[in-house]
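The primary structure of each chain is shown beneath.
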Amino acid sequence: QVQLVESGGGLVQAGGSLRLSCAASGRTSSSYTMGWFRQAPGKERQVVAAISTVSTTYYETSVKGRFTISRDNAKNTVYLQMNSLKPEDTAVYYCAADGLFVDLLRGRADYWGQGTQVTVSS
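A brief report on the enclosed structure follows.

Conventions used here
- The residue numbering used here restarts from 1 in each chain and proceeds along that chain's sequence as written.
- In view of the model being predicted, local features appear only for residues whose pLDDT reaches at least 70, and side-chain atom pairs are presented and counted only at 80 or more, with totals across whole chains, interfaces and linings using the full set of residues.
- Hydrogens are left out, water is left out, and the side-chain values use all remaining heavy atoms of the structure.
- Each Phe, Tyr or Trp ring, with Trp reduced to its six-membered ring, pairs with another whose centre is within 6.5 Å; inter-plane angles below 30 degrees give stacked pairs, above 60 give edge-to-face pairs, and intermediate values give tilted ones.
- Helix and strand assignments follow DSSP, with helices taken as H or I runs no shorter than four residues and strands as E runs no shorter than two, numbered in order from the N terminus.
- A simple rule labels every residue: compare its accessible area, found with a 1.4 Å probe on the protein chains alone, to the largest value its type can have, and call it buried under 20%, exposed over 50%, or partly exposed in between.
- We call a charge positioned above a ring when the Lys NZ or Arg CZ atom is no farther than 6 Å from the ring centre and deviates by at most 35 degrees from the ring normal.
- In this analysis, two residues are considered to be in contact whenever any of their non-hydrogen atoms come within 4.5 Å of each other.
- Polar contacts, as used here, are pairs of N or O atoms within 3.5 Å; protein pairs need one atom able to donate a hydrogen and one able to accept it. Residues neighboring in sequence count only if both atoms are side-chain atoms.
- Every case where a carboxyl oxygen of Asp or Glu lies within 4 Å of a side-chain nitrogen of Lys or Arg is listed as a salt bridge.
- To count as a disulfide, a pair of cysteine sulfur atoms needs to be within 2.5 Å.

1. What about the packing of aromatic side chains?
Describing an aromatic ring pair means giving the distance of the ring centres and the angle of the ring planes. Applying the stated criterion across every chain, the model contains 2 aromatic pairs. With a centroid separation of 5.8 Å and an interplanar angle of 85°, the aromatic rings of Y32 and Y111 are classed as edge-to-face. In this pair, Y32 sits in the loop between β3 (18–26) and β4 (33–39) while Y111 sits in strand β10 (residues 111–112), placing the two residues 79 residues apart along the sequence. Like Y32, the residue Y111 is buried in the burial classification. Geometry around W112 places R45 over its ring, the cationic atom sitting 3.8 Å from the centre.

Structure below.
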């Protein structure tokens, strides 16, 4: 079992930055692909970024060049650095973990966090 707890969300103006953190407890997160998803009101949940156990990364097209996913296995923590934020980035952001990179990219995950709200004002 893995428990995931997100933090770092909040309200920021367009053009600003936030860093989300996802602390994992239980079974070590280094064995899992980790990812960040988001869900805006009235929209489906989408994968934003993912990082494999060997630090291969994936980014959704709209966040490439603005968001950076990283992991610190010693701290069992995954980060999402979000720069140049736009109002359309407003959503609840979820941390997720899965045994397979390809499964996470398909929206499937073994474990989910409770979510953290990110609101970008124009």
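Past the structure itself, the notes keep going.
2. Focus: the environment of D98
Along the chain, D98 turns up in strand β9 (residues 91–98). For the pair formed by D98 and R71, sequence separation is 27 residues and the distance between their alpha carbons is 14 Å. Beyond its immediate stretch of four places on either side in the chain, D98 contacts Y32, T33, D103, L104, R108, A109 and D110. Polar contacts involving the side chain of D98 include one to the main-chain amide nitrogen of D110, which spans 3.1 Å.

3. Brief notes about the pattern of salt bridges
Counted according to the given criterion, the structure contains 3 salt bridges. One salt bridge in this structure joins R38 and D89, with 2.9 Å as the shortest N-O distance. Of this pair, R38 sits in strand β4 while D89 sits in the loop between β8 (77–82) and β9; the two residues are 51 residues apart in sequence, bridging distant segments of the chain. Here R38 matches D89 in class, with each residue buried. D103 is the partner of R108 in a salt bridge, and the nearest nitrogen-oxygen pair spans 2.9 Å. Because the salt bridges share partners, they merge into one network encompassing R38, R66 and D89.

4. Description of the state of the cysteines
The final tally for this structure, using the stated rule, is 1 disulfide. Between the sulfur of C22 and that of C95 lies a disulfide, 2.1 Å long from S to S. Disulfide C22-C95: the torsion about the S-S bond is -80°, which places it as left-handed. You can see C22 sitting in strand β3 and its partner C95 sitting in strand β9, a full 73 residues away along the chain. Note on accessibility: C22 and C95 belong to one class, buried.

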